[in-house]
Structure formats: structure tokens, C-alpha cells
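Spelled out, the chains give:
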Amino acid sequence: MATLEQDQSFELSKDLNQIIVKGMMGVVLEIYEPDKTFAVEFPKEDGSNYEFEGKSVFTITIDDIIIDSEVQ
């Protein structure tokens, strides 16, 4: 299994909610548990972040991601 690092990009493997959906690209902000739990955001092209219910930072697990080794 690959290891994620801070500021690394990834692809979401499943829907988190109606706005943050499978296939979206996100960025790791913080690593809570190495190789397990991460704080992430999903940036828009304009530099802002996608939000859902007032939140723009989400906690996900390694099972929620697909690592794209070409995007870092």
C-alpha cells in the first residue's frame, strides 16, 4: 500500500456527500494516523474549495482514496 504525504494529491474512490463525489481530486492537509486517517480538501479551479454543510475540510480514511502517482 502506498503512503500519503502532506500536500499530496489523490482521487476520491467513493462519494462523501452530494457535493464531494467519487473521482474528485483532493489534497492531503494533515495526517492524523499514518496510512489510515487524513484531513483533506477538494480545491476548485478558481482556488477556493468545495464545501458541504459549511465545511471545506474533511476527514477520510485510506479506503476512500486512489493515489495518483503522477499528480504530486
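Reading guide: rules and limits
- Residues numbered from 1 in each chain as written.
- Predicted model: local features only at pLDDT ≥ 70, side-chain atom pairs only at ≥ 80, totals over all residues.
- Heavy atoms only, no water.
- Buried < 20%, exposed > 50% of the residue type's maximum accessible area, 1.4 Å probe, protein only.
- Helix = DSSP H or I, 4+ residues; strand = E, 2+ residues; numbered from the N terminus.
- Pairing = 2+ DSSP bridges.
- Contact = heavy atoms within 4.5 Å.
- Phe/Tyr/Trp six-rings, centres within 6.5 Å; stacked < 30°, edge-to-face > 60°.
- Lys NZ or Arg CZ within 6 Å of the ring centre and 35° of its normal.

Both faces of the sheet carry side chains from a regular strand, because those side chains alternate between them. What you see with strand β4 (residues 57–61) is a clean split: Phe58 and Ile60 sit on the buried side and Val57, Thr59 and Thr61 on the side with no burial. Examined bridge by bridge, strand β3 (residues 37–41) and β4 share five bridges and lie antiparallel to one another. Bridging from a neighbouring strand, Glu41 pairs with Val57 of β4.

Another point: the environment of Asp7. As for its placement among the helices and strands, Asp7 is situated in the segment before β1 (9–12). Not counting chain neighbours up to four residues away, the residues in contact with Asp7 comprise Val27 and Val28.

Our next topic: the packing of aromatic side chains. This model, assessed by the stated rule, comprises two aromatic pairs. When the ring of Phe10 is compared with that of Phe42, the centres are 5.8 Å apart and the planes differ by 75 degrees; the resulting orientation is edge-to-face. With Phe10 in strand β1 and Phe42 in the loop between β3 and β4, the pair connects residues that are 32 residues apart, well separated along the chain. Grouping residues by exposure puts Phe10 and Phe42 together as buried. Between the aromatic rings of Phe42 and Phe58, the centroid separation amounts to 6.1 Å while the plane-to-plane angle is 55 degrees, which identifies the pairing as tilted. Placement of Phe42 in the loop between β3 and β4 and of Phe58 in strand β4 is noted, with a sequence separation of 16 residues between them. When sorted by exposure, Phe42 lands in the same class as Phe58, which is buried. When the ring centre of Tyr50 is taken as origin, the NZ or CZ atom of Lys44, which lies over that ring, is 5.3 Å away.

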